Amino acid sequence: MNTTAKIKKNYQFIKIKKLVIVSILIGFLSAFLGIVLKNATEYYESIFFHRATINSVFFVVFPIFGLSIIFFLREYLFKKKENKGIKEIFESVNSKSKNLPSYKIPSHFINGLLTVVSGGSTGIEVSTVVATATIGAVAQRKQNVFRQYKTELICAGISAGITVLFSSPIAGILFSFEVISKKITRAFILSNVISVTVAYALCYILHEEPLFAVDVTTWHLKAAPYFILLGVLAAIHSVYLTRAVLFFKAQFYKIKEAHFKIILGSLILSLSFILFPQLYGEGYHTMKILFLNPNATTLTFSLALTFIGIILLKPIVTSATLASGGDGGVFAPSLFIGAFLGLFLALLLNRYLDANVIPLNFMIIGMAAVLSSSIHAPFTAIFLVCGLTNDYTLFLPILVVCLISKYTAKMIYPFTVYTYSPTLAK
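Residues numbered from 1 in each chain as written. Predicted model: local features only at pLDDT ≥ 70, side-chain atom pairs only at ≥ 80, totals over all residues. Heavy atoms only, no water.

Enquirer: Would you explain helix α10 (residues 258–275) in this entry?
Expert: Think of an α-helix as turning once every 3.6 residues; residues three or four places apart then point the same way. If you check α10, its first and last C-alpha atoms are 26 Å apart, about what 18 residues at 1.5 Å a residue would give, namely 26 Å. Three or more residues of α10 are buried, namely Lys261, Ile262, Gly265, Ser266, Leu269, Ser270, Ser272 and Phe273. Take α10 and look down its axis: the buried residues cluster within an arc of 165°, on one side only. What points out from α10, more than 90 degrees from its buried face, is the exposed set Leu271 and Leu275. Those residues of α10 hidden inside the fold are in contact with α2 (57–76), α9 (224–253) and α12 (301–323). (Helix = DSSP H or I, 4+ residues; strand = E, 2+ residues; numbered from the N terminus. Expected span 1.5 Å × (residues − 1). Buried < 20%, exposed > 50% of the residue type's maximum accessible area, 1.4 Å probe, protein only. Arc of directions from axis to C-beta. Contact = heavy atoms within 4.5 Å.)

So this is what it looks like as structure tokens:
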């Protein structure tokens, strides 16, 4: 009896030791991939965007070029299979037989990079999530001892990827829990904590800075009703974004010729970029400009029209990008829309109601609110946005608004881009 117990104990120890080692490896590889993709995208996107602002012809050339290259890569290099985004991960974790194939790592890395630098109005977040999930999935298949930890190791890769993109280990773990796993086990905690620790350590060593440098000083309780209003508006707009993506994908699916999809998608993108260059790519370059001094911004008629145009067009441009073959998801578009929506609402309140609210606060809360309602993951949105800005001053109002926006959005439309299926919708 003692011998059997000792053998079991030794086996458990070996299993835990191997889980620790593989979690370190997944954390490092996923973090390294995320950092390289993030920096490469930011660097080349700025070059392409600068060229296009000098000569508007490139607003036409870049989208059609990028989408065409993605099509040929998918057709001749990546087994003619379209990237389904996060739905691929759901299919894998919910099935013992379905696995994420290893080619998904270069596929999402290259296609995500090409989509954004050529103007695709999405972001690299979903590309990173699927690529890093695949790192976890490949590691899980290497030894029989890891078979039972399929979901945990996939989530470990995702957590590390989100950590380096948004400088927030907590957001990484919460996203894996709220969106992918939806359950917590001891193996989940162990593998994910280790992977995000390794990822965050790599960020520290490489001096990876938060995406936005902001200086939040305070917030006022008198602004609470306006925060609630922002939460409701964010929910409505996130449903608009979700429905737009689903509608465009359904309509483009009916087009059988791939080159027609590319031409139509590129046409929508090009016209939108010529009207509003701020819509080019993931939009972080524009958001950085907004964050420079939003509190000093004065609302004029032309500025109001620009805000309305950008807020209304962004979901359409994102949808056209995804429907015509681009890689990505709704992370970056949600943050972009939230920043513009929050700032526009604050400027309107200050001009017409003399509310004296702080525009910077509304930008940050708006980012979290739209993301929360778009992916139905309020706690991920809270820590992700706080990590992005490296500031937790607004934690309480963000918490309240994220919960309001999520549940309002669910009341209006119960699905996200990632959870929708035609069967469930009937």
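Enquirer: Explain the state of the cysteines to me, please; I cannot follow it from the model alone.
Expert: Each disulfide consists of a covalent bond between the sulfur atoms of two cysteine residues. Inspection of every chain in the model, using the stated rule, returns 0 disulfides. Lacking any disulfide linkage, cysteine 203 is separated from the closest cysteine sulfur, that of cysteine 386, by 17 Å. For cysteine 203, a relative accessible area of 4% gives the class buried. Take cysteine 402: it sits in no disulfide, and the sulfur closest to it among the cysteines is that of cysteine 386, at 8.7 Å. (Disulfide = S-S within 2.5 Å.)

Enquirer: Just checking my understanding: could you explain the nonpolar core for this structure?
Expert: Nonpolar side chains in soluble globular proteins tend to be buried together. Counting residues in hydrophobic clusters, the biggest one holds 103 residues, and the most contacted among them are Ile89, Phe175, Ile180, Phe331 and Leu335. Top contributing element to this core by residue count: helix α13 (residues 331–352), with 14 residues. Dropping the residues within four chain positions of it, leucine 335 is found in contact with Phe166, Tyr284, Met287, Met367, Leu371, Leu384, Val385 and Leu388. One finds Ile26, Ile105, Ile135 and Phe146 within the second-largest nonpolar core, a separate group that totals 13 residues. (Core = buried A, V, L, I, M, F, W, Y, C linked by side-chain atoms within 4.5 Å.)

Enquirer: In this structure, what is going on with the pattern of salt bridges? I would like to understand it.
Expert: In this structure the tally under the stated criterion is 3 salt bridges. The partner of glutamate 208 in a salt bridge is lysine 38, with the nearest N and O atoms 3.3 Å apart. Of this pair, glutamate 208 sits in the loop between α8 (186–205) and α9 while lysine 38 sits in helix α1 (residues 2–54); the two residues are 170 residues apart in sequence, bridging distant segments of the chain. The burial state of glutamate 208 is the same as that of lysine 38; both residues are buried. Its salt-bridge partner being glutamate 42, residue lysine 288 comes within 2.9 Å of it at the nearest N-O pair. One end of the pair, lysine 288, is in helix α11 (residues 284–290); the other, glutamate 42, is in helix α1, with 246 residues separating them in the sequence. Taking the relative accessible area as the measure of exposure, lysine 288 reaches 31% and is therefore partly exposed. A residue is classified by how much of its surface remains accessible, and glutamate 42, at 34% relative accessible area, is partly exposed. (Salt bridge = Lys/Arg side-chain N within 4 Å of Asp/Glu carboxyl O.)

Enquirer: What should I look at first to understand the packing of aromatic side chains in this one?
Expert: The description of an aromatic ring pair uses the distance of the two centres, along with the angle that the planes make with each other. Here the structure, examined in full by the defined rule, presents 25 aromatic pairs. Residues phenylalanine 49 and tyrosine 280 carry aromatic rings whose centres are separated by 5.5 Å and whose planes lie at 40° to one another, so their mutual orientation is tilted. Highlighted residues: phenylalanine 49 in helix α1 and tyrosine 280 in the loop between α10 and α11, separated in sequence by 231 residues. Overall, phenylalanine 49 belongs to the buried group, its relative accessible area being 17%. Consider the rings of phenylalanine 59 and phenylalanine 273, whose centres lie 6.0 Å apart with planes at 50°: the pair is tilted. Of the two residues, phenylalanine 59 sits in helix α2 while phenylalanine 273 sits in helix α10, which places them 214 residues apart along the sequence. (Phe/Tyr/Trp six-rings, centres within 6.5 Å; stacked < 30°, edge-to-face > 60°.)

Enquirer: Is there a simple way to explain the environment of asparagine 361 in this structure?
Expert: When you line up the elements, asparagine 361 lands in helix α14 (residues 359–375). Residues asparagine 361 and valine 216, spaced 145 residues apart in sequence, show a C-alpha to C-alpha distance of 7.2 Å. Engagement of the side chain of asparagine 361 in a polar contact is seen with the backbone oxygen of threonine 218, the distance being 2.9 Å. (Polar contact = N/O pair within 3.5 Å; in protein donor to acceptor, adjacent residues only side chain to side chain.)

Enquirer: Looking at this structure, I do not really get the packing of α12 against α13. What am I missing?
Expert: Each pair of packed helices gets described by two things: the angle between the helix axes and the distance between those axes. Running from N to C, α12 and α13 cross one another at 160°; their axes reach a closest spacing of 10 Å. When the axes of α12 and α13 are compared, the pair comes out roughly antiparallel. Our pair here, α12 against α13, has a crossing hand that is left-handed. Seen from α12, the contacting residues are Leu303, Ala304, Phe307, Ile308, Ile310, Ile311, Lys314, Pro315 and Thr318; seen from α13, they are Pro333, Phe336, Ile337, Phe340, Leu341, Leu343, Phe344 and Leu347. (Axes fitted to C-alpha atoms, helices over the stretch in contact; angles between N-to-C directions. Parallel < 35°, antiparallel > 145°, perpendicular 65-115°, else oblique. Left-handed = near helix turned anticlockwise from the far one by under 90°.)

Enquirer: Can you help me understand the packing of helix α3 (residues 86–93) against helix α7 (residues 169–181) in this one?
Expert: At a closest axis distance of 11 Å, the pairing of α3 and α7 adopts a crossing angle of 70°. In this view, α3 runs roughly perpendicular relative to α7, as classed from their interaxial angle. For the pair α3 and α7, contact is made by Ile86, Ile89, Phe90 and Val93 and by Phe175, Val179 and Ile180, respectively. Looking at the contact of α3 with α7 residue by residue, the class counts come to 7 nonpolar, no polar and no charged. (Nonpolar A, V, L, I, M, F, W, Y, C, P; charged D, E, K, R; others polar.)

Enquirer: What should I look at first to understand α2 in this one?
Expert: Between its first and last C-alpha atoms α2 spans 29 Å; for 20 residues at 1.5 Å apiece the expected length is 28 Å, and the two agree. Considered for burial, the residues of α2 that qualify are Phe59, Phe62, Pro63, Gly66, Leu67, Ile70 and Arg74. In an axial view of α2, the angular spread of the buried residues amounts to 110°, which keeps them on one side of the axis.

Enquirer: Explanation requested: the environment of asparagine 390 in the structure shown.
Expert: Looking at the secondary structure, you find asparagine 390 in the loop between α15 (378–389) and α16 (395–412). Accessibility expressed as a relative area gives 56% for asparagine 390, which makes it exposed. Once the C-alpha coordinates of asparagine 390 and leucine 77 are considered, the two residues, 313 residues apart in sequence, prove to be 40 Å apart.

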